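Descriptive analysis of the structure
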Amino acid sequence: MSGAHMTPEEFRQQGHAVIDWIADYWDRLDDLPVRSQVAPGEIAALLPDRAPQDPEPFGALLADLDQVVLPGITHWQHPRFFAYFPANSSPAAVLGDLISSGLGAQGMLWATSPALTEVEQVVLDWLARALGLPEEFCSSGPGGGVIQDTASTATFTALICALHRATGGRVRAEGVTSDLRVYASSQAHSSLDKAVIMSGLGEQSLRFVPVDPRTQAMDVAALREAVESDVAAGLRPVLVQAAAGTTSTGAFDDVAAIGAVAREHGLWLHVDAAWAGVAAVCPEHRDATAGVPEHADSFVTNPHKWLLTTFDCSAFWVRDRTQLLGALSLLPEYLRNPATDSGAVVDLRDWHPQLGRRFRAVKLWAVLRTYGITGLQQHIRSGVELARRFADRVSADERFELVTEPVLGLVVFRLRAGDEATVAVMESLNQGGVAYLSHTRVEGLAAMRLAVGGWRTTQQDVDRTWAAIAALADEVTAGSPPPTP
Ligand code: PLP
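Structure report, in brief. What you see is a predicted model; the values in this text were computed from it and never measured. (Residues numbered from 1 in each chain as written. Predicted model: local features only at pLDDT ≥ 70, side-chain atom pairs only at ≥ 80, totals over all residues. Heavy atoms only, no water.)

1. Quick notes on the layout of surface pockets
In this structure, the largest pocket occupies an estimated 680 Å³ of space. What lines the largest pocket is a set of 25 residues, and nearest its centre among them are Val-18, Ile-19, Trp-21, Ile-22 and Val-94. Only helix H1 (8-28), helix H2 (58-69) and helix H3 (91-103) provide two or more residues apiece to the lining of the largest pocket. No other element matches the ten residues that H1 contributes to the lining of the largest pocket. Here the lining of the largest pocket is composed, by residue class, of 17 nonpolar, seven polar and one charged. Taken as a whole, the second largest pocket holds about 440 Å³ of empty space. Elements that contribute at least two residues to the lining of the second largest pocket include exactly helix H5 (151-166), strand E4 (236-243), helix H11 (303-306) and strand E10 (438-442). Residue contributions to the lining of the second largest pocket peak at three residues, all from E10. Looking at side-chain class alone, the lining of the second largest pocket contains twelve nonpolar, 15 polar and three charged residues. Domain assignment of the residues forming the lining of the second largest pocket places at least three in each of domain 1 (105-358) and domain 2 (367-477). (1 Å grid on protein atoms, 1.4 Å probe; cavity = no way out; pocket = protein on both sides within 12 Å on 5 of 7 lines; lining within 4 Å. Points joined across faces, edges and corners; volume = space filled by probe spheres on them. Helix = DSSP H or I, 4+ residues; strand = E, 2+ residues; numbered from the N terminus. Nonpolar A, V, L, I, M, F, W, Y, C, P; charged D, E, K, R; others polar. Domains from an automatic or database assignment.)

2. Re the packing of aromatic side chains
For the structure on display, the rule yields 13 aromatic pairs. Measuring from ring centre to ring centre gives 5.5 Å for Trp-21 and Tyr-25, while their planes differ by 5°; the resulting arrangement is stacked. With Trp-21 and Tyr-25 both in helix H1 and four residues apart, the pair spans about one turn of that helix. For Tyr-25, a relative accessible area of 10% gives the class buried. Centre to centre, the rings of Tyr-84 and Tyr-436 are 6.1 Å apart; their planes meet at 85°, and the pair counts as edge-to-face. Note that Tyr-84 is positioned in the loop between H2 and H3 and Tyr-436 in the loop between helix H15 (419-432) and E10, a separation of 352 residues in sequence. A relative accessible area of 43% means that Tyr-84 is categorised as partly exposed. (Phe/Tyr/Trp six-rings, centres within 6.5 Å; stacked < 30°, edge-to-face > 60°. Buried < 20%, exposed > 50% of the residue type's maximum accessible area, 1.4 Å probe, protein only.)

3. Things to note about H1
Taking 1.5 Å per residue, 21 residues should reach 30 Å; H1 reaches 30 Å between its end C-alpha atoms and fits that length. Listed as buried for H1 are Trp-21, Tyr-25 and Trp-26. Projection of H1 onto a plane perpendicular to its axis shows the buried side chains occupying an angular sector of 130°, all on one side. The outward face of H1, more than 90 degrees from its buried face, is lined by the exposed residues Glu-9, Gln-13, His-16 and Asp-27. Contacts made by the buried residues of H1 are with H2 and H3. (Expected span 1.5 Å × (residues − 1). Arc of directions from axis to C-beta. Contact = heavy atoms within 4.5 Å.)

4. Here we look at the pairing of strand E3 (residues 206-209)
Bridge count between strand E2 (residues 180-185) and E3: four bridges; the pairing is parallel. Across the sheet, residue Tyr-183 finds its bridge partner in E3, namely Arg-207. Regarding the hand of the β-α-β motif, the stretch spanning E2, helix H7 (residues 191-199) and E3 is right-handed. (Pairing = 2+ DSSP bridges. Right-handed = clockwise from strand over helix to strand, strands pointing away.)

5. Remarks on the pairing of strand E9 (residues 410-415)
Counted residue by residue, E9 has six buried out of six residues, so it is predominantly covered. Neither face of E9 is open: one carries Leu-410, Val-412 and Arg-414, the other Val-411, Phe-413 and Leu-415, and all of them are buried. In this structure, strand E8 (residues 400-402) lies alongside E9, joined through three bridges in antiparallel fashion. Residue pairing across strands places Phe-400 opposite Leu-415, the latter belonging to E9.

That is the geometry; function is a separate question.
Shown next, in the form of C-alpha coordinates:
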(Lines give C-alpha, C1' and ligand atoms only; values in the text may rest on other atoms or scores of the structure.)
Protein backbone atom coordinates (compact mmCIF):
# COMPACT_ATOMS: atom_id res chain seq x y z
CA MET A 1 0.00 0.00 0.00
CA SER A 2 1.38 3.44 -0.92
CA GLY A 3 0.48 5.91 1.80
CA ALA A 4 -3.13 5.32 2.82
CA HIS A 5 -4.42 4.68 -0.71
CA MET A 6 -4.24 1.41 -2.57
CA THR A 7 -2.43 1.66 -5.87
CA PRO A 8 -4.50 0.68 -8.91
CA GLU A 9 -2.52 -2.58 -9.00
CA GLU A 10 -3.22 -3.30 -5.34
CA PHE A 11 -6.88 -2.50 -5.92
CA ARG A 12 -6.99 -4.92 -8.84
CA GLN A 13 -5.42 -7.64 -6.70
CA GLN A 14 -7.68 -7.09 -3.70
CA GLY A 15 -10.67 -6.71 -5.99
CA HIS A 16 -10.04 -10.16 -7.43
CA ALA A 17 -9.77 -11.53 -3.90
CA VAL A 18 -13.08 -9.90 -2.94
CA ILE A 19 -14.91 -11.29 -5.97
CA ASP A 20 -13.39 -14.72 -5.23
CA TRP A 21 -14.59 -14.44 -1.65
CA ILE A 22 -18.14 -13.59 -2.75
CA ALA A 23 -18.25 -16.40 -5.33
CA ASP A 24 -16.96 -18.89 -2.73
CA TYR A 25 -19.49 -17.57 -0.23
CA TRP A 26 -22.35 -18.24 -2.64
CA ASP A 27 -20.95 -21.72 -3.27
CA ARG A 28 -20.86 -22.66 0.38
CA LEU A 29 -24.18 -21.08 1.34
CA ASP A 30 -25.92 -24.43 1.28
CA ASP A 31 -23.82 -25.63 4.23
CA LEU A 32 -24.39 -22.58 6.43
CA PRO A 33 -27.29 -22.22 8.90
CA VAL A 34 -29.76 -19.87 7.19
CA ARG A 35 -30.50 -17.74 10.23
CA SER A 36 -27.66 -16.30 12.26
CA GLN A 37 -27.34 -18.12 15.56
CA VAL A 38 -25.47 -15.45 17.55
CA ALA A 39 -26.63 -13.77 20.76
CA PRO A 40 -26.95 -9.98 21.07
CA GLY A 41 -23.55 -8.32 21.45
CA GLU A 42 -21.59 -11.39 20.34
CA ILE A 43 -20.33 -9.84 17.11
CA ALA A 44 -19.52 -6.45 18.61
CA ALA A 45 -17.48 -8.22 21.32
CA LEU A 46 -15.19 -9.62 18.62
CA LEU A 47 -14.23 -6.14 17.45
CA PRO A 48 -11.72 -3.78 19.07
CA ASP A 49 -13.20 -0.67 20.64
CA ARG A 50 -11.03 1.69 18.61
CA ALA A 51 -10.03 1.99 14.97
CA PRO A 52 -6.44 0.86 14.27
CA GLN A 53 -3.91 3.62 14.73
CA ASP A 54 -1.79 2.39 11.85
CA PRO A 55 -2.86 0.98 8.48
CA GLU A 56 -3.70 -2.71 8.26
CA PRO A 57 -3.55 -4.78 5.09
CA PHE A 58 -6.91 -5.18 3.33
CA GLY A 59 -6.47 -8.96 3.65
CA ALA A 60 -6.99 -8.60 7.43
CA LEU A 61 -10.51 -7.34 6.76
CA LEU A 62 -11.15 -10.23 4.38
CA ALA A 63 -10.09 -12.66 7.09
CA ASP A 64 -12.54 -11.03 9.51
CA LEU A 65 -15.38 -11.61 7.09
CA ASP A 66 -15.15 -15.31 7.84
CA GLN A 67 -14.30 -15.03 11.52
CA VAL A 68 -16.39 -12.09 12.64
CA VAL A 69 -19.04 -11.23 10.09
CA LEU A 70 -20.38 -14.50 8.71
CA PRO A 71 -21.52 -15.91 12.06
CA GLY A 72 -23.65 -12.78 12.43
CA ILE A 73 -25.14 -12.96 8.96
CA THR A 74 -28.57 -14.33 8.21
CA HIS A 75 -28.06 -15.56 4.70
CA TRP A 76 -30.65 -13.80 2.60
CA GLN A 77 -29.14 -15.33 -0.56
CA HIS A 78 -29.38 -18.85 0.89
CA PRO A 79 -31.49 -21.14 -1.28
CA ARG A 80 -33.66 -21.95 1.74
CA PHE A 81 -34.25 -18.40 2.93
CA PHE A 82 -38.05 -18.16 2.85
CA ALA A 83 -38.67 -15.51 5.54
CA TYR A 84 -40.29 -12.07 5.12
CA PHE A 85 -40.04 -11.43 1.38
CA PRO A 86 -36.91 -12.28 -0.54
CA ALA A 87 -34.34 -9.52 -0.94
CA ASN A 88 -32.68 -11.37 -3.70
CA SER A 89 -29.58 -10.42 -5.53
CA SER A 90 -27.75 -11.80 -8.56
CA PRO A 91 -24.20 -11.79 -9.84
CA ALA A 92 -25.08 -9.20 -12.48
CA ALA A 93 -26.60 -6.86 -9.89
CA VAL A 94 -23.59 -7.19 -7.59
CA LEU A 95 -21.25 -6.24 -10.41
CA GLY A 96 -23.52 -3.36 -11.37
CA ASP A 97 -23.43 -2.12 -7.78
CA LEU A 98 -19.65 -2.36 -7.80
CA ILE A 99 -19.46 -0.27 -10.96
CA SER A 100 -21.62 2.34 -9.27
CA SER A 101 -19.22 2.42 -6.32
CA GLY A 102 -16.24 2.59 -8.65
CA LEU A 103 -17.67 5.55 -10.50
CA GLY A 104 -18.54 7.13 -7.18
CA ALA A 105 -20.72 9.68 -8.94
CA GLN A 106 -23.36 11.73 -7.18
CA GLY A 107 -26.43 12.44 -9.28
CA MET A 108 -28.34 15.07 -7.37
CA LEU A 109 -28.47 17.19 -10.53
CA TRP A 110 -28.45 16.22 -14.17
CA ALA A 111 -25.34 18.37 -14.43
CA THR A 112 -23.47 16.45 -11.71
CA SER A 113 -23.46 13.35 -13.96
CA PRO A 114 -25.86 13.38 -16.89
CA ALA A 115 -25.56 9.62 -17.47
CA LEU A 116 -26.76 8.91 -13.97
CA THR A 117 -30.06 10.67 -14.60
CA GLU A 118 -30.58 9.60 -18.17
CA VAL A 119 -29.73 5.91 -17.70
CA GLU A 120 -32.06 5.83 -14.69
CA GLN A 121 -34.90 7.38 -16.66
CA VAL A 122 -34.47 4.98 -19.57
CA VAL A 123 -34.14 1.92 -17.34
CA LEU A 124 -37.29 2.86 -15.43
CA ASP A 125 -39.12 3.40 -18.72
CA TRP A 126 -38.01 -0.11 -19.74
CA LEU A 127 -39.26 -1.54 -16.46
CA ALA A 128 -42.56 0.38 -16.66
CA ARG A 129 -43.21 -1.06 -20.11
CA ALA A 130 -42.16 -4.55 -18.99
CA LEU A 131 -44.73 -4.38 -16.17
CA GLY A 132 -47.52 -3.05 -18.38
CA LEU A 133 -47.58 0.42 -16.83
CA PRO A 134 -48.93 3.15 -19.11
CA GLU A 135 -46.80 5.51 -21.20
CA GLU A 136 -48.00 8.33 -18.95
CA PHE A 137 -45.70 6.91 -16.27
CA CYS A 138 -42.69 7.08 -18.61
CA SER A 139 -40.23 9.94 -18.91
CA SER A 140 -41.67 11.03 -22.26
CA GLY A 141 -45.12 11.40 -20.67
CA PRO A 142 -46.45 13.72 -17.96
CA GLY A 143 -45.15 11.45 -15.18
CA GLY A 144 -41.96 9.49 -14.75
CA GLY A 145 -40.02 7.07 -12.63
CA VAL A 146 -37.23 7.30 -10.11
CA ILE A 147 -35.27 4.80 -8.06
CA GLN A 148 -35.82 5.31 -4.34
CA ASP A 149 -33.87 3.50 -1.66
CA THR A 150 -36.95 1.70 -0.35
CA ALA A 151 -40.70 1.41 -0.79
CA SER A 152 -41.01 3.22 2.53
CA THR A 153 -39.37 6.31 1.05
CA ALA A 154 -41.50 5.99 -2.08
CA THR A 155 -44.68 5.88 0.00
CA PHE A 156 -43.55 8.87 2.03
CA THR A 157 -42.88 10.73 -1.23
CA ALA A 158 -46.34 9.78 -2.54
CA LEU A 159 -47.91 11.17 0.62
CA ILE A 160 -46.01 14.45 0.25
CA CYS A 161 -47.31 14.73 -3.34
CA ALA A 162 -50.86 13.97 -2.18
CA LEU A 163 -50.66 16.66 0.52
CA HIS A 164 -49.37 19.14 -2.03
CA ARG A 165 -52.24 18.43 -4.41
CA ALA A 166 -54.93 18.37 -1.73
CA THR A 167 -53.87 21.71 -0.26
CA GLY A 168 -53.25 23.45 -3.56
CA GLY A 169 -49.58 23.70 -2.57
CA ARG A 170 -50.23 25.47 0.74
CA VAL A 171 -48.70 22.64 2.75
CA ARG A 172 -45.24 23.73 1.63
CA ALA A 173 -45.46 26.99 3.47
CA GLU A 174 -48.03 26.32 6.14
CA GLY A 175 -47.50 22.67 7.03
CA VAL A 176 -50.20 20.13 7.70
CA THR A 177 -53.49 20.66 9.48
CA SER A 178 -55.29 18.22 11.74
CA ASP A 179 -58.26 17.71 9.40
CA LEU A 180 -56.34 15.77 6.71
CA ARG A 181 -57.01 12.04 6.43
CA VAL A 182 -55.23 9.05 4.89
CA TYR A 183 -56.79 5.62 4.22
CA ALA A 184 -55.46 2.10 3.81
CA SER A 185 -56.55 -1.39 4.72
CA SER A 186 -55.80 -2.83 8.12
CA GLN A 187 -53.24 -5.01 6.30
CA ALA A 188 -51.27 -2.10 4.83
CA HIS A 189 -47.53 -2.13 5.41
CA SER A 190 -46.29 -0.17 8.41
CA SER A 191 -44.31 2.10 6.07
CA LEU A 192 -47.54 4.10 5.65
CA ASP A 193 -47.76 4.59 9.43
CA LYS A 194 -44.20 5.83 9.32
CA ALA A 195 -45.02 8.17 6.44
CA VAL A 196 -47.89 9.82 8.36
CA ILE A 197 -45.63 10.20 11.37
CA MET A 198 -42.80 11.75 9.32
CA SER A 199 -45.14 14.05 7.42
CA GLY A 200 -46.41 15.56 10.64
CA LEU A 201 -49.95 14.32 10.02
CA GLY A 202 -49.58 11.96 12.93
CA GLU A 203 -51.06 8.52 13.39
CA GLN A 204 -54.46 10.01 14.18
CA SER A 205 -54.80 10.92 10.51
CA LEU A 206 -54.58 7.30 9.35
CA ARG A 207 -57.86 5.40 8.96
CA PHE A 208 -57.51 1.64 8.76
CA VAL A 209 -60.25 0.16 6.62
CA PRO A 210 -61.33 -3.40 7.49
CA VAL A 211 -60.62 -6.31 5.15
CA ASP A 212 -62.67 -9.23 3.91
CA PRO A 213 -61.66 -11.96 6.41
CA ARG A 214 -61.44 -14.56 3.64
CA THR A 215 -59.31 -12.68 1.10
CA GLN A 216 -57.69 -10.12 3.43
CA ALA A 217 -58.39 -7.51 0.73
CA MET A 218 -59.77 -4.08 1.59
CA ASP A 219 -63.54 -3.83 2.03
CA VAL A 220 -64.10 -1.05 -0.49
CA ALA A 221 -67.65 -0.36 0.71
CA ALA A 222 -66.15 0.33 4.15
CA LEU A 223 -63.60 2.66 2.54
CA ARG A 224 -66.40 4.58 0.84
CA GLU A 225 -68.28 4.84 4.11
CA ALA A 226 -65.20 6.05 5.98
CA VAL A 227 -64.42 8.69 3.36
CA GLU A 228 -68.01 9.90 3.16
CA SER A 229 -68.42 10.13 6.91
CA ASP A 230 -65.13 12.03 7.21
CA VAL A 231 -66.21 14.46 4.49
CA ALA A 232 -69.56 14.91 6.24
CA ALA A 233 -67.65 15.69 9.45
CA GLY A 234 -65.68 18.42 7.68
CA LEU A 235 -62.44 16.42 7.37
CA ARG A 236 -60.33 16.33 4.22
CA PRO A 237 -59.40 12.96 2.65
CA VAL A 238 -55.98 13.20 1.00
CA LEU A 239 -54.65 9.80 0.02
CA VAL A 240 -55.73 6.20 -0.17
CA GLN A 241 -53.17 3.43 -0.44
CA ALA A 242 -54.10 0.19 -2.17
CA ALA A 243 -52.00 -2.90 -1.55
CA ALA A 244 -51.08 -5.11 -4.47
CA GLY A 245 -49.69 -7.98 -2.41
CA THR A 246 -49.85 -7.37 1.34
CA THR A 247 -46.90 -8.33 3.50
CA SER A 248 -48.82 -10.71 5.71
CA THR A 249 -50.65 -12.85 3.15
CA GLY A 250 -50.04 -11.33 -0.31
CA ALA A 251 -53.63 -10.04 -0.54
CA PHE A 252 -54.60 -7.81 -3.45
CA ASP A 253 -56.91 -4.86 -2.91
CA ASP A 254 -59.31 -4.03 -5.75
CA VAL A 255 -57.39 -1.10 -7.23
CA ALA A 256 -60.12 -0.25 -9.77
CA ALA A 257 -62.86 -0.08 -7.13
CA ILE A 258 -60.64 1.94 -4.79
CA GLY A 259 -59.75 4.15 -7.75
CA ALA A 260 -63.44 4.97 -8.27
CA VAL A 261 -63.74 6.17 -4.65
CA ALA A 262 -60.48 8.10 -4.97
CA ARG A 263 -61.62 9.87 -8.11
CA GLU A 264 -65.01 10.76 -6.69
CA HIS A 265 -63.47 12.39 -3.63
CA GLY A 266 -60.24 13.70 -5.12
CA LEU A 267 -57.90 11.38 -3.19
CA TRP A 268 -54.42 10.51 -4.38
CA LEU A 269 -54.26 6.77 -5.10
CA HIS A 270 -50.91 5.22 -4.22
CA VAL A 271 -50.46 1.54 -5.02
CA ASP A 272 -47.99 -0.36 -2.86
CA ALA A 273 -46.85 -3.38 -4.85
CA ALA A 274 -43.46 -3.55 -3.13
CA TRP A 275 -43.18 -7.31 -3.40
CA ALA A 276 -45.74 -8.50 -5.96
CA GLY A 277 -45.51 -5.76 -8.59
CA VAL A 278 -42.51 -7.19 -10.38
CA ALA A 279 -44.47 -10.38 -11.12
CA ALA A 280 -46.30 -8.36 -13.78
CA VAL A 281 -43.26 -8.91 -15.97
CA CYS A 282 -45.09 -12.19 -16.82
CA PRO A 283 -48.22 -11.62 -18.91
CA GLU A 284 -50.09 -14.24 -16.85
CA HIS A 285 -49.37 -12.21 -13.67
CA ARG A 286 -50.46 -8.83 -15.02
CA ASP A 287 -53.19 -8.86 -12.38
CA ALA A 288 -50.36 -7.74 -10.06
CA THR A 289 -50.74 -4.30 -11.66
CA ALA A 290 -54.46 -4.50 -12.47
CA GLY A 291 -56.16 -1.13 -12.19
CA VAL A 292 -52.85 0.73 -11.94
CA PRO A 293 -52.74 2.00 -15.54
CA GLU A 294 -56.22 3.53 -15.28
CA HIS A 295 -56.37 4.63 -11.66
CA ALA A 296 -53.08 5.03 -9.79
CA ASP A 297 -51.46 8.40 -9.18
CA SER A 298 -48.31 6.63 -8.00
CA PHE A 299 -46.99 3.10 -7.90
CA VAL A 300 -44.07 1.41 -6.18
CA THR A 301 -42.48 -1.98 -6.64
CA ASN A 302 -39.12 -3.24 -5.42
CA PRO A 303 -36.71 -4.87 -7.83
CA HIS A 304 -34.72 -5.41 -4.62
CA LYS A 305 -37.34 -7.85 -3.45
CA TRP A 306 -38.08 -10.32 -6.21
CA LEU A 307 -36.31 -9.03 -9.30
CA LEU A 308 -32.72 -10.09 -8.71
CA THR A 309 -31.44 -6.59 -7.93
CA THR A 310 -29.27 -6.13 -4.88
CA PHE A 311 -30.81 -4.00 -2.14
CA ASP A 312 -31.46 -1.06 -2.41
CA CYS A 313 -33.57 -0.49 -5.49
CA SER A 314 -37.19 0.56 -5.22
CA ALA A 315 -38.91 1.69 -8.43
CA PHE A 316 -41.41 4.51 -7.99
CA TRP A 317 -43.53 6.13 -10.68
CA VAL A 318 -45.96 9.03 -10.71
CA ARG A 319 -48.58 9.80 -13.32
CA ASP A 320 -48.08 13.57 -13.08
CA ARG A 321 -44.66 14.87 -12.12
CA THR A 322 -45.86 18.43 -11.63
CA GLN A 323 -47.23 17.47 -8.20
CA LEU A 324 -43.91 15.91 -7.25
CA LEU A 325 -41.90 18.88 -8.44
CA GLY A 326 -44.33 21.32 -6.89
CA ALA A 327 -44.04 19.52 -3.59
CA LEU A 328 -40.29 19.00 -3.41
CA SER A 329 -38.39 21.32 -5.78
CA LEU A 330 -35.80 23.56 -4.20
CA LEU A 331 -32.94 25.32 -5.93
CA PRO A 332 -30.48 26.94 -3.54
CA GLU A 333 -27.90 29.19 -5.15
CA TYR A 334 -25.08 26.69 -4.73
CA LEU A 335 -26.93 24.18 -6.94
CA ARG A 336 -27.80 26.62 -9.75
CA ASN A 337 -26.39 25.66 -13.13
CA PRO A 338 -27.12 26.44 -16.78
CA ALA A 339 -28.67 23.02 -17.52
CA THR A 340 -31.20 23.37 -14.70
CA ASP A 341 -31.91 26.97 -15.66
CA SER A 342 -32.56 25.89 -19.25
CA GLY A 343 -35.47 23.69 -18.11
CA ALA A 344 -34.28 21.04 -20.57
CA VAL A 345 -33.15 18.49 -17.99
CA VAL A 346 -34.56 16.48 -15.11
CA ASP A 347 -32.88 16.92 -11.73
CA LEU A 348 -33.64 13.85 -9.67
CA ARG A 349 -32.90 15.68 -6.41
CA ASP A 350 -36.50 16.88 -6.64
CA TRP A 351 -37.93 13.38 -6.80
CA HIS A 352 -37.29 12.17 -3.25
CA PRO A 353 -36.64 13.45 0.27
CA GLN A 354 -32.85 13.52 0.16
CA LEU A 355 -30.56 15.57 -2.06
CA GLY A 356 -27.69 13.24 -2.92
CA ARG A 357 -28.11 10.03 -4.85
CA ARG A 358 -25.90 7.32 -6.18
CA PHE A 359 -26.02 5.48 -9.46
CA ARG A 360 -28.46 2.73 -8.44
CA ALA A 361 -29.67 2.34 -12.00
CA VAL A 362 -26.50 0.49 -13.04
CA LYS A 363 -27.41 -2.62 -11.10
CA LEU A 364 -30.97 -2.64 -12.45
CA TRP A 365 -29.63 -1.99 -15.96
CA ALA A 366 -27.25 -4.93 -15.52
CA VAL A 367 -30.13 -7.16 -14.42
CA LEU A 368 -32.48 -6.13 -17.23
CA ARG A 369 -29.79 -6.59 -19.86
CA THR A 370 -28.20 -9.82 -18.71
CA TYR A 371 -31.44 -11.64 -17.87
CA GLY A 372 -33.59 -10.03 -20.54
CA ILE A 373 -37.35 -10.04 -20.01
CA THR A 374 -37.44 -13.79 -20.69
CA GLY A 375 -34.91 -14.49 -17.96
CA LEU A 376 -36.87 -12.41 -15.47
CA GLN A 377 -40.07 -14.18 -16.43
CA GLN A 378 -38.37 -17.50 -15.87
CA HIS A 379 -37.23 -16.41 -12.41
CA ILE A 380 -40.74 -15.28 -11.37
CA ARG A 381 -42.38 -18.38 -12.84
CA SER A 382 -39.99 -20.67 -11.06
CA GLY A 383 -40.80 -19.01 -7.71
CA VAL A 384 -44.53 -19.29 -8.35
CA GLU A 385 -44.25 -22.94 -9.36
CA LEU A 386 -42.11 -23.89 -6.34
CA ALA A 387 -44.59 -22.20 -4.02
CA ARG A 388 -47.51 -23.97 -5.70
CA ARG A 389 -45.88 -27.35 -5.21
CA PHE A 390 -45.14 -26.55 -1.58
CA ALA A 391 -48.78 -25.54 -1.09
CA ASP A 392 -49.83 -28.89 -2.57
CA ARG A 393 -47.76 -30.65 0.09
CA VAL A 394 -49.39 -28.59 2.82
CA SER A 395 -52.89 -29.32 1.51
CA ALA A 396 -52.19 -33.02 1.25
CA ASP A 397 -51.12 -33.33 4.90
CA GLU A 398 -54.10 -33.40 7.23
CA ARG A 399 -52.05 -31.98 10.12
CA PHE A 400 -51.69 -28.67 8.23
CA GLU A 401 -53.95 -26.15 6.59
CA LEU A 402 -53.49 -23.27 4.18
CA VAL A 403 -54.58 -20.08 5.92
CA THR A 404 -55.19 -18.17 2.69
CA GLU A 405 -54.96 -19.18 -0.96
CA PRO A 406 -51.31 -19.12 -2.04
CA VAL A 407 -50.42 -15.92 -3.87
CA LEU A 408 -47.59 -15.97 -6.42
CA GLY A 409 -44.52 -17.16 -4.45
CA LEU A 410 -46.11 -16.90 -1.00
CA VAL A 411 -47.69 -19.72 1.02
CA VAL A 412 -49.30 -18.97 4.39
CA PHE A 413 -50.08 -22.07 6.43
CA ARG A 414 -50.41 -23.42 9.95
CA LEU A 415 -50.76 -26.56 11.99
CA ARG A 416 -54.33 -27.46 12.76
CA ALA A 417 -53.08 -28.27 16.27
CA GLY A 418 -53.04 -24.53 16.97
CA ASP A 419 -50.87 -21.46 17.52
CA GLU A 420 -48.46 -23.00 19.97
CA ALA A 421 -47.68 -25.95 17.72
CA THR A 422 -47.37 -23.69 14.66
CA VAL A 423 -44.91 -21.36 16.35
CA ALA A 424 -42.99 -24.27 17.91
CA VAL A 425 -42.46 -25.95 14.54
CA MET A 426 -41.33 -22.73 12.92
CA GLU A 427 -38.97 -21.81 15.73
CA SER A 428 -37.37 -25.28 15.76
CA LEU A 429 -36.96 -25.14 12.00
CA ASN A 430 -35.31 -21.73 12.17
CA GLN A 431 -33.07 -22.72 15.06
CA GLY A 432 -32.00 -25.88 13.29
CA GLY A 433 -30.63 -23.75 10.47
CA VAL A 434 -31.94 -25.86 7.57
CA ALA A 435 -34.36 -23.19 6.42
CA TYR A 436 -35.77 -19.89 7.60
CA LEU A 437 -39.45 -18.92 7.60
CA SER A 438 -41.18 -16.01 9.29
CA HIS A 439 -44.59 -15.76 10.87
CA THR A 440 -47.72 -13.69 10.71
CA ARG A 441 -51.12 -13.59 12.37
CA VAL A 442 -54.24 -13.87 10.25
CA GLU A 443 -57.63 -13.20 11.81
CA GLY A 444 -55.97 -13.68 15.19
CA LEU A 445 -54.35 -17.03 14.38
CA ALA A 446 -50.60 -17.64 14.12
CA ALA A 447 -49.33 -18.77 10.73
CA MET A 448 -46.03 -19.47 8.98
CA ARG A 449 -45.12 -17.75 5.73
CA LEU A 450 -42.97 -19.39 3.08
CA ALA A 451 -41.95 -16.79 0.52
CA VAL A 452 -40.06 -18.24 -2.43
CA GLY A 453 -37.92 -15.90 -4.51
CA GLY A 454 -34.23 -16.60 -4.05
CA TRP A 455 -32.12 -16.89 -7.15
CA ARG A 456 -30.59 -20.21 -6.07
CA THR A 457 -33.73 -21.90 -4.73
CA THR A 458 -34.60 -25.22 -6.37
CA GLN A 459 -37.24 -27.90 -5.99
CA GLN A 460 -34.79 -29.80 -3.78
CA ASP A 461 -34.62 -26.88 -1.36
CA VAL A 462 -38.38 -26.68 -1.10
CA ASP A 463 -38.60 -30.47 -0.65
CA ARG A 464 -35.96 -30.45 2.04
CA THR A 465 -37.74 -27.64 3.85
CA TRP A 466 -41.07 -29.44 3.70
CA ALA A 467 -39.44 -32.67 4.95
CA ALA A 468 -37.98 -30.78 7.92
CA ILE A 469 -41.32 -29.12 8.72
CA ALA A 470 -43.20 -32.41 8.46
CA ALA A 471 -40.69 -34.15 10.76
CA LEU A 472 -40.93 -31.34 13.32
CA ALA A 473 -44.72 -31.52 13.17
CA ASP A 474 -44.41 -35.22 14.10
CA GLU A 475 -42.37 -34.26 17.17
CA VAL A 476 -44.52 -31.33 18.21
CA THR A 477 -47.86 -33.08 17.77
CA ALA A 478 -46.75 -36.46 19.19
CA GLY A 479 -49.25 -37.34 21.88
CA SER A 480 -51.67 -34.56 20.82
CA PRO A 481 -55.23 -35.52 19.93
CA PRO A 482 -55.80 -36.06 16.19
CA PRO A 483 -56.49 -32.84 14.28
CA THR A 484 -60.06 -31.87 13.59
CA PRO A 485 -60.45 -31.66 9.83
N1 PLP B 1 -44.80 -2.55 1.30
C2 PLP B 1 -44.94 -3.88 1.34
C3 PLP B 1 -46.20 -4.51 0.84
C4 PLP B 1 -43.91 -4.68 1.85
O5 PLP B 1 -44.06 -6.00 1.92
C6 PLP B 1 -42.74 -4.05 2.33
C7 PLP B 1 -41.64 -4.85 2.88
O8 PLP B 1 -41.70 -6.05 2.99
C9 PLP B 1 -42.64 -2.67 2.25
C10 PLP B 1 -43.69 -1.93 1.75
C11 PLP B 1 -41.42 -1.93 2.74
O12 PLP B 1 -40.37 -2.17 1.87
P13 PLP B 1 -39.00 -1.36 2.00
O14 PLP B 1 -38.13 -2.17 2.91
O15 PLP B 1 -38.48 -1.29 0.59
O16 PLP B 1 -39.30 -0.04 2.57
